[in-house]
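A look at the structure
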Amino acid sequence: MLKLENINLSYGEIQVLWDLSLEIPEGKIVALLGANAAGKSSTINAISGINKTKSGAISFHGKDITKMAPHEIVDLGIVQVPEGRKLFNFMTIEENLLLGAYSKRARKNLKANLRRVYDMFPILEERKSQLAGDMSGGQQQMCAIGRGLMSEPKLLIIDELSLGLAPILVQELLRTLSSIKNEGITIMLVEQNVKQSLAIADFAYVLENGRVAIEGEAKELAEDPHLKKAYLGI
Ligand SMILES: Nc1ncnc2c1ncn2[C@@H]1O[C@H](COP(=O)(O)OP(=O)(O)O)[C@@H](O)[C@H]1O
Ligand SMILES: [Mg+2]
């Protein structure tokens, strides 16, 4: 579905991604793992058209999207839930959700999509008139995911879902991602939390210093000695 081929990316003089290649098959959950500063967000910002690559190609369903603008990429159905949720704290939960539905396509199905989000996260409906800034971290993450779903994604990219959340809550959110996948939405899960991510992902890539260091089926990677030592402390 999505293919990155030999991506190189720099901020000014400093190169942060090196010949990075990866593939996301339709209908799967693919984890992009790695420590802080490994290059995960830089990679997905390249996919979303926010970062411009120096060389390499990015394609979606065979169409070259390397030079497309961010809003055109969203229109294709590649939607990012950014690191740190990026909600508008002084707007209500529902207003934040509706912001996800700005494309023509998503506006048409706004009511049905809102219903779907509220069915998935009932707490958001209960609190729809409350300010986003007054919600707990977990509820804010639900709202950020919900806003992404309001854009009718084909590929939903979630950056640091687990950041600052209790493990039990992370587990619940990850389970929700599995049900989103079952609705036919492909997911790219960007995480430092290796263990919990591998438990729900089909396939995973591990970035180290802007390069793919390890890749494979999530089940097999959970047993990879290097990965265990470097990321799981066992
Ligand atoms: N806008 C930017 N300008 C300059 N350097 C950046 C910028 N964004 C990220 N970096 C650097 O690029 C490297 C990769 O960062 P990032 O992609 O955010 O990693 P991750 O998401 O894995 O934590 C880091 O060394 C970081 O400091
Ligand atoms: Mg990041």
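These numbers come from a predicted model, not from an experiment.

1. Observations regarding the side chain of E160
- With respect to the helices and strands, the residue E160 is situated in the loop between β7 (155–159) and α8 (167–182).
- There is a polar contact of 3.3 Å between the side chain of E160 and the side chain of Q192.

2. Regarding the pairing of strand β3 (residues 29–33)
- Where burial is concerned, most of β3 is hidden: five out of the five residues are buried.
- Neither face of β3 is open: one carries I29, A31 and L33, the other V30 and L32, and all of them are buried.
- The pairing of β3 with strand β8 (residues 186–191) spans five bridges and is parallel. Within the sheet, the bridge partner assigned to A31 lies in β8 and is L189.
- Here four bridges tie β3 to strand β9 (residues 203–208), and the two strands are oriented parallel to one another. Residue pairing for β9: V30 is matched across the bridge by F203.

3. Brief notes about the coordination of the magnesium ion (ligand 2)
- Around the magnesium ion (ligand 2), the donor atoms from the protein are S41 (OG) and E83 (OE), and they sit 2.1 to 2.6 Å away. Here S41, found in helix α1 (residues 40–47), pairs with E83, found in the loop between β6 (78–81) and α3 (93–99); they are 42 residues apart in sequence, far enough to count as distant.
- Note on S41: relative accessible area 22%, which makes it partly exposed.

4. Looking at the sheet that holds strand β5 (residues 63–64)
- Here four strands make up an open sheet; going across it, the order is β2-β1-β4-β5 and the pairing antiparallel. Two strands in the sheet have a free side with no partner beyond their single neighbour: β2 (14–24) and β5.
- Examined bridge by bridge, strand β1 (residues 2–11) and strand β4 (residues 55–60) share five bridges and lie antiparallel to one another. Of the residues in β4, the one forming a bridge with L4 is I58.

Cut-off values and rules
- Residues numbered from 1 in each chain as written.
- Chains lettered and ligands numbered in written order.
- Predicted model: local features only at pLDDT ≥ 70, side-chain atom pairs only at ≥ 80, totals over all residues.
- Heavy atoms only, no water.
- Helix = DSSP H or I, 4+ residues; strand = E, 2+ residues; numbered from the N terminus.
- Polar contact = N/O pair within 3.5 Å; in protein donor to acceptor, adjacent residues only side chain to side chain.
- Buried < 20%, exposed > 50% of the residue type's maximum accessible area, 1.4 Å probe, protein only.
- Pairing = 2+ DSSP bridges.
- Donors = N, O, S within 2.8 Å, 3.2 Å for Na, K, Ca; no water.

By themselves, these figures tell us nothing about what the structure is for.
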